[in-house]
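So you can see what is in the structure, the chains are spelled out below.
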Amino acid sequence: MTPVIPGFDYRRVPVADGVALNAAVGGSGSPIVLLHGFPQTHLMWRHVAADLAADHTVICPDLRGYGDSDKPEAVDDTTYGKRTMAADVVALARALGHERFALAGHDRGALVAFRAGLDHPAAITRLACLDVLPTADMWHVMHGATAAVGFHLYLMAQPPGLPERMIAASADDFFGHFLDLWANDPAAVPADVRAAYLRACRAAVPSIVADYRASAGIDLAHDLADREAGNRLEMPVAVLQQDWGAALGYDARALWGAWAPDLVHTTVTCGHFMAEEAPAVVTKALRDLLAR
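Attention here is on the structure that accompanies the text. (Residues numbered from 1 in each chain as written. Predicted model: local features only at pLDDT ≥ 70, side-chain atom pairs only at ≥ 80, totals over all residues. Heavy atoms only, no water.)

With respect to the layout of surface pockets
- Looking at the largest pocket, its volume works out to about 240 Å³.
- If you go around the largest pocket, you meet 17 residues; those closest to its centre are Glu73, Ala74, Pro206, Ala210 and Arg213.
- Top element by residues in the lining of the largest pocket is helix H9 (residues 205–215). It accounts for 5 residues.
- Each pocket or cavity is described by its volume, and for the second largest pocket that value is around 170 Å³.
- Lining the second largest pocket are 13 residues; nearest its centre among them are Thr2, Gly67, Asp68, Ala196 and Ala200.
- The greatest single-element share of the lining of the second largest pocket, amounting to 3 residues, is contributed by helix H8 (residues 191–202). (1 Å grid on protein atoms, 1.4 Å probe; cavity = no way out; pocket = protein on both sides within 12 Å on 5 of 7 lines; lining within 4 Å. Points joined across faces, edges and corners; volume = space filled by probe spheres on them. Helix = DSSP H or I, 4+ residues; strand = E, 2+ residues; numbered from the N terminus.)

So, the pairing of strand E5 (residues 101–106)
- Most of E5 is tucked away: 6 of the 6 residues are buried.
- Burial along E5 is two-sided: the face carrying Phe101, Leu103 and Gly105 and the face carrying Ala102, Ala104 and His106 are both buried.
- Where strand E3 (residues 30–35) meets E5, 4 bridges bridge the pair, whose relative direction is parallel. Within E5, the position partnered with Leu35 by the bridge is Gly105. (Buried < 20%, exposed > 50% of the residue type's maximum accessible area, 1.4 Å probe, protein only. Pairing = 2+ DSSP bridges.)

Some details on empty space enclosed by the protein
- Within this structure, the stated rule accounts for 2 cavities of 30 Å³ or more.
- Its boundaries defined by the atoms lining it, the largest cavity holds a volume of some 380 Å³.
- If you go around the largest cavity, you meet 20 residues; those closest to its centre are Asp107, Asp131, Met138, Leu153 and Trp244.
- Residue assignment for the lining of the largest cavity shows that the elements contributing at least two residues are helix H3 (108–119), helix H4 (135–141), helix H5 (151–155) and helix H11 (244–248).
- Its residues assigned to classes, the lining of the largest cavity shows 13 nonpolar, 4 polar and 3 charged.
- Volume-wise, the second largest cavity comes out at about 50 Å³. (Nonpolar A, V, L, I, M, F, W, Y, C, P; charged D, E, K, R; others polar.)

Quick notes on the sheet that holds E3
- Reading across the sheet, the 8 strands line up as E1-E2-E4-E3-E5-E6-E7-E8 and stay open at both edges, with mixed pairing between neighbours. Whereas interior strands pair on both sides, the edge strands pair on one side only; in this sheet they are strand E1 (9–16) and strand E8 (263–267). Taking the axes of each pair of neighbouring strands and ignoring which way they run, one obtains an average angle of 20 degrees across the sheet.
- In this fold helix H2 (residues 82–95) packs onto E1, strand E2 (19–26), E3, strand E4 (56–61) and E5, with an angle of close to 120 degrees to the strand it touches most, E1. (Axes fitted to C-alpha atoms, helices over the stretch in contact; angles between N-to-C directions. Contact = heavy atoms within 4.5 Å.)

Describing the pattern of salt bridges
- Overall, the coordinates contain 19 salt bridges when judged by the stated rule.
- The shortest N-O distance in the salt bridge between Arg287 and Asp55 comes to 3.0 Å. Of this pair, Arg287 sits in helix H14 (residues 279–291) while Asp55 sits in the loop between helix H1 (46–52) and E4; the two residues are 232 residues apart in sequence, bridging distant segments of the chain.
- Given the relative accessible area of 39%, Asp55 is considered partly exposed.
- Notably, a salt bridge pairs Glu164 with Arg213, separated by 3.0 Å at the nearest N-O pair. You can see Glu164 sitting in helix H6 (residues 162–169) and its partner Arg213 sitting in helix H9, a full 49 residues away along the chain.
- By relative accessible area, Glu164 is classed as buried at 14%.
- Each of Arg83, Arg115, Asp119, Asp223 and Asp226 takes part in salt bridges that share partners, so that together they form one network. (Salt bridge = Lys/Arg side-chain N within 4 Å of Asp/Glu carboxyl O.)

Spelled out as structure tokens, the structure:
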């Protein structure tokens, strides 16, 4: 059986033509939406969501193309562009009765959250992004031999066909590689959750690749257009990151500060899967953000 977040109700919510998202909903109070990263599903938030549900309505969807949410065929790069995926999230919250809500995302979900903050500032009251850089900055800092850590970004940026076939041929090895490499504490992802992640990813190779491919195309174009126009995140923003800047030679706080004038930036010592490895740290950061 697929693990669930205990005490949460599960719903399928239509958010666009032919697309419904699987969402776990729990608690009551002011709403916060939590978006998962790669190679995970909404389950990555299970500890944080349970804590926040004591005094907030917590909504944990599987992103379009992931988990038990719909996986439309990518007819072009807009299908899995972050603008489209951000619109999904706003539509989800609205369908559940929330015109305004706080939003937190990890990894791929953080890129969706970032785009939602720029495209839908009237809807997003607070924004948290975990262990990621905005797309334009990410591509700018990836250079030289140190960029090998992001080989998957380049693989999935290739034209449709080869990446999908290569990954599908060894899906558990491919996705499991990141679960192993990026976790400082492998025990934080127990066997049943790991199996659920691998099962979900195995069934979603084309849409996962399309999500990443969009970040080398339309997502980058949208970020650069916003930078040129001087658009910024005007809501309170919290960023939690590992110290990738030390390894890749950039100042993460400065890069984020250019986008977010009301920023609290925190460097953490846990691994990439921080909501599972250090849920108390993440929960405190989100509660501090919600109190700002």
